[in-house]
Amino acid sequence: MVAPGEVTGATTVVLPTLTLLSGNGTSNGCTLGGQTLFKQDMKRATAKVKRKQHVFTHGLHHLHHLSCDSPVHFMMYSDAAGAFISLHSDNTASLYNADGQKMTSIPHLPFMGLTATQITGWLVGWGPGPVLTLLDSELHLLDAAPDALDICVCQAAEHPTELVTAGVGNVCVWSVMLMRCKMKIQEGLQHSTFTLMALAPPRSDRPHRAFVVCGRVVTVVDLNAGKVLEHKRDLCSRDITAMVFCSQQDCLIIATEDLSIRIWGPDWELRVAFVGHHGVVNSLFYCPPLSMLFSASVDFTFRCWNIEEGDVVECIHTEQKHPPLCIGGNRKGDTFFSFSKQGVDFWTIRALYTLHCELKGDEGAPLRQILVSPFPAPYPKRVLCLSGESNITLVAAETGTVLTYFKAKQRILCADYCLQKEILLALTETGTVLQANTLTNPITLMQEWEGRGQGPWRPRDNMTEHDAKNLPIPGQACCLVLYSCLAETQAALEEWRSLQESRGCIHRKKAALDDAKNKFLIILGQIGGCVSVVKMHDGKVLYRTAAHHGQRVTAVQVHPENGYLLSTGEDMHVVVWRVSPYVQECLSQQLSLHCDQPLAYLAALAPQLALAFQERNSGTYNLMHFNTDNHSSHTTKDGHLDPFTGLCVCPDLDIFVSSSLDGTVCVWNEESQLLATLQLNAVPECLTYGGFGGELFLGIRGGLYRMNCAEFLPHSYQQMLLYTYSAEPVPDFPIIENTEKRIKNVSPDTDEGEDDTWRQKENEGLVISNKDVAALLEGSVKCKKGKPPSTKATKKEAFDRYMRMIYRLPPRIEIDFEESFDPNKLPIYPKPCDDKPRNLPEIKEEVVPEPKLNIPVIVEKKTVQAEKPPAKIYKRKTLMKVKPRPVVIPKKPVIVEQDEEPPEIIPPVEPPKPRTPTPPPNPTPPPRFSRAPTPLPQREPSPEMLTFLIQFAEAAWFKELYPDKKCIPSSLSPEDFSLQLLGCLDTCSAACKMELLAALHALHSQGLLQNTDKLYQGLTDLLTKFVGPHMSPVEQTVLVEMLNLLMHLKPASCDLGKKLLALMTFKKLGLRETVLHMLTTLGVNEVEQWLWPELESWDSERQDPSDIWKSLHDRADRWLELWISKYKEHDRYLYLRSTEKWKPPSFGMVDVLNYFCSVRKDEYRKAQRVVPSNRKNTVVLPLYDCSSQPILRLGETYTMARVSRPTGSTLPPLRNRPSLTRFPNFISLPFSRVTLFPFRVYSDEDWVRVSTRRYFFLHQSYVDYYR
């Protein structure tokens, strides 16, 4: 007897490392997936190309090397010059741009070093000896210090106008503006020659300090008081070679000749000591944007250190003949330099991956599983992360926002996520399946199913009880996966959208999880070698079969798009199952592969299978590709050196990606050829496909990281993405976390079940009330009351209103002049009340907060009728924090009626301030000293930042523009600031341009820019410079943002219209759809239908092929001027037809383009109109909508002139009516006599009104019979 799911008559095919077992001895004849036609063509085109393995490293990357004729002794980056400056031994200097390319040389610059000041455009050249010179941005002499002491090192102080120098026996503080020494510190320093210096910024408990080094002694100097604080002689045993201060970590970092790097805290406690260099460290550089410490050593290496974690991140060999002498970089941290006796080298940071999300849970806990929802838009992409022992986090794939999280009580082996039902499934180490609700934050537990699939085998029709006893014991579940089969996709989408409306609600209807057409099955792999299928809505076992000869199932994978399941086990078999979700026996075995080595990971790209084998005892880790169609296999020659940590497939590129403990990520093609090796500076804990192109998600140090491996593949693979559809990302917002009342996951059998039920109902009420309040605030509440039924009275009322609107009849106003008010009936005195004593309850005083809005109140007097009993005072319970709507100040004062008070106006009352008792005056102490102390030098007060600049204070570009807030002039206006940003747009990077444009847009949207003419003209000039035939996607994005800003500044400008038309016809830019959308936003109707055919041929008919932009812009200029003149004639004709006085036309670019579209539309409609020749009783349908004007025919009287002038504002009629696309071109009407109220009632304004003009057009109206 055979176990369910197994097949008989299996044949064995011997392959190099695999044995194939199939039901009929051959392949099943079913291709597991299809390839697109374009991918097949790309494979044929690139099959003959010999592929080269490319290695990419994350971290410091060498750009280029520049040899120098004279050795370099100093180098720095200058923001004033916008370049790197190197000083050479022959007293010359060289300038390099931001990319490291040499710009120019300066023949004579005899300085020991340069220091960039915090004053824009100024530098200081210093040394050797008593030399201190002020330079401009072009390194021209401005001023020199006359009384300088010996200078060996110089740095900019914390104050923007100060410098600190140190040399032989002195430390000095200098004023940059005056080039005078403000403070000289020489006492106790006579026998010291300082070669290194680091400055510590002032803090609340510590002054501004300078650390200067002489040999192995570190001297601490107070720069505020001008005195020496201490000498530290016990920090190291040998001389100090490099020193830097890290203000972020508040620590001093020193490197010594004993090959170590030590980090000291503020109280001189040793935090960490770095050891790794095999030679003396020459230079240290701390990069604040990267939070990394770089060190250069004579062992020809650079090392990157993480101070927080106390570990080395990267080691780079310079591969030069001479060791590096110094390392440094710019403030942004994107370009670095180093120099040696041989020349100058430039470096950059290559980021292979970026941090996507910091996960909740235990800090530093490894990330064990990453799962991405496979459903395309309109579903959002979500990432399920399993970290630590029992932490599950649901993350938005596009933004990295944490949506919700779950903390289990037991260790979780694996998890899965059903997006359509918003259900989380998790498997614990005891074999319990957890079902949880992901609509709450945190995720709430719904059901727990213990021992699913562990029951005894049930006898079937083809199996006796004796055979059932011989089957393996299933054991507890050890792996889990969810199989989703969507037969009705629209119904599933609508159900998911309805679930989003109940976000935050804990209660879920379990019956809604059962779906007859859309099936969701839980597939469990068990330690007894069995596979069980469980229903998701009730946890009942649907089907179970033996799979892996009684040995543990290690992994299960589903591929619903092809309808199959993959399972691997400790018996070294890979089994392919066909899944039939709508039948009882839903699993049928299709293929079985036997491996000779233990299988670690598995990935499928139909019909390819990628198998990751690892034998830790022998140290072999290889990858094999197996084709299920022709049974061919390929084994990788190169690969990882350590065990695998992940394997996935990118179906858009037909590649496999693997990760390993050796810190590498390898990319393979279908022929097992290694395309690229990505060397990370950390160990990837797990790996999965991101959902599109070459996007990958990795787990590194417990965080979720994102990588795009397509950027490092050959060009042919990047072209494949051009033909891959990418849907627009769907916005996905986090669920509001319930912090006030945390819901506990308790079993219903406990004593707290009733308490949890009550909490759930209360939380549901809170959610419902919150939705009601939100709907009221948004104004989306709809009236449930339907339209009233039509009766004779309503019809008569409607007809009367219609006639009054047509003939402007005066309203029927009836006034009753009889006096119906009887003052005698009005009670003047109140009714007598019972004067019996009553014991009233004590009323506690309740402090009512004063309103923020002061509204004047007018009180009117009213006769007292009855004394009202005291109102019951109660404290209202606040159920939920709801953001109130902004208070609207009423135009009129609020009228309140009060008893027995004279009318008066009560001004707004301010809340009383608590009175503070005045303390007794302290006796003045007698002076202790007869001599007044010498006052310290006064510092310039730091001015407050302007209000409109506060929003940009934390931006990187603002800190670069104003390194110190004190440098901002108080007279700076928003217009001047916008012009400064405009000047930076021409020289900054593309990413910085986006931020600057966003800042300009924010200033304009806030109404701070009163005069935008200069800004508009500057942006227009920059737009002409940016446009080119070969623009990168980033540059195109910057161009689009500039256009959006120009649209907001002057939307009706004709100059903007010319540039939009030229950009739309510039086909190489690919901005046609973007410009069409912009024109539609501005108000141009039917652009693509009428305007685009006119402009489509401009690109091919341009006269100057060398300058495409100029040719197209001139063509747009001439075309727009032509149609402006036509529009002026048309506008003047309209005024001549009217009775109003003609005025000069005021129009914009939108009016001209709409006029052009209307002319083209009329020409098209006239071409389609055919007037019947044999019909004389026909009125041709006019070209325009004449519903708002009367139809005047020959012989009509004034009573037939239906001039409708409704009160109020009248909206224009709809021109585009899709429902009338098949409307006939003419209508035949049987004319008849109509008499409606022949005697019209005239008003005063009718006598002075000009008579309506009537015209008869012979070619439009034909009257054969008129009765």
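Every value quoted in this text rests on a predicted model; they were computed, and no experiment measured them.

Colleague: Which parts of the structure should I look at to understand the pattern of salt bridges?
Modeller: Where charged atoms from two side chains of opposite charge come close, those side chains can pair. One pass over the structure, following the stated rule, counts 18 salt bridges. One salt bridge connects aspartate 205 with arginine 206, and the closest N-O pair in it is separated by 3.7 Å. One salt bridge connects arginine 706 with glutamate 695, and the closest N-O pair in it is separated by 3.0 Å. One end of the pair, arginine 706, is in strand β59 (residues 703-708); the other, glutamate 695, is in strand β58 (residues 695-700), with 11 residues separating them in the sequence. A relative accessible area of 17% places arginine 706 in the buried class. A relative accessible area of 22% places glutamate 695 in the partly exposed class.

Colleague: How should the nonpolar core be read in this particular structure?
Modeller: Generally speaking, soluble globular proteins have nonpolar side chains that are buried together. In this structure, Trp957, Phe958, Phe977, Leu1019, Leu1079 and Leu1091 are the most contacted members of the largest nonpolar core, which totals 80 residues. Contacts of leucine 1079, omitting those with residues within four sequence positions, involve Leu1060, Met1064, Val1084, Val1087, Leu1091, Met1149 and Leu1153.

Colleague: Is there a simple way to explain the sheet that holds strand β5 (residues 72-78) in this structure?
Modeller: Strand pairs in the sheet, formed through backbone hydrogen bonds, run parallel or antiparallel to each other. Taken in spatial order, the four strands of this open sheet run β5-β6-β7-β8, and their pairing is antiparallel. Strand pairing shows two members of the sheet lacking a second neighbour, β5 and β8 (102-106), which therefore form its edges. Within the sheet, the average angular offset between the axes of one strand and its neighbour, ignoring direction, is 20 degrees. In this structure, strand β6 (residues 83-88) lies alongside strand β7 (residues 93-96), joined through four bridges in antiparallel fashion. Directly across from phenylalanine 84, in β7, lies its bridge partner tyrosine 96.

Colleague: Sorry, what's going on with the packing of aromatic side chains here?
Modeller: How two aromatic rings sit relative to each other is set out by the distance from centre to centre and by the angle between their planes. According to the stated counting rule, one finds 20 aromatic pairs in the structure shown. Arranged with centres 6.0 Å apart and planes meeting at 80 degrees, the rings of phenylalanine 74 and tryptophan 126 form a pair that is edge-to-face. Here phenylalanine 74 is found in strand β5, whereas its partner tryptophan 126 is found in strand β10 (residues 123-126), with 52 residues between them in sequence. Tryptophan 126 gets classed as buried once you look at its relative accessible area, which sits at 5%. Judged by centre distance (5.4 Å) and plane angle (65 degrees), the ring pair of phenylalanine 84 and phenylalanine 346 falls under edge-to-face. Residue phenylalanine 84 is located in strand β6, and its partner phenylalanine 346 is located in strand β31 (residues 343-350); the two are separated by 262 residues in the primary sequence. Classification of phenylalanine 84 by relative accessible area gives buried; the value is 0%. Taken together, Tyr77, Phe84, Tyr96, Phe337 and Phe346 form an aromatic cluster joined through their ring pairs. The aromatic ring of tryptophan 1123 is capped on one face by lysine 1126, whose charged end is 4.1 Å from the ring centroid.

Colleague: Before we go on, may I ask you to explain the pairing of β5 in this structure?
Modeller: Every other side chain in a regular strand lies on the same face of the sheet, so the side chains alternate between the two faces. Taken across its seven residues, β5 has six buried, putting it largely inside the fold. Note that β5 and β6 share six bridges and pair antiparallel. When the bridges of β6 are listed, tyrosine 77 appears paired with phenylalanine 84. The hairpin turn running from β5 into β6, its antiparallel successor, is four residues long, and glycine 82 in that turn takes a positive phi close to 65 degrees.

Cut-offs and rules
- Residues numbered from 1 in each chain as written.
- Predicted model: local features only at pLDDT ≥ 70, side-chain atom pairs only at ≥ 80, totals over all residues.
- Heavy atoms only, no water.
- Salt bridge = Lys/Arg side-chain N within 4 Å of Asp/Glu carboxyl O.
- Helix = DSSP H or I, 4+ residues; strand = E, 2+ residues; numbered from the N terminus.
- Buried < 20%, exposed > 50% of the residue type's maximum accessible area, 1.4 Å probe, protein only.
- Core = buried A, V, L, I, M, F, W, Y, C linked by side-chain atoms within 4.5 Å.
- Contact = heavy atoms within 4.5 Å.
- Pairing = 2+ DSSP bridges.
- Axes fitted to C-alpha atoms, helices over the stretch in contact; angles between N-to-C directions.
- Phe/Tyr/Trp six-rings, centres within 6.5 Å; stacked < 30°, edge-to-face > 60°.
- Lys NZ or Arg CZ within 6 Å of the ring centre and 35° of its normal.

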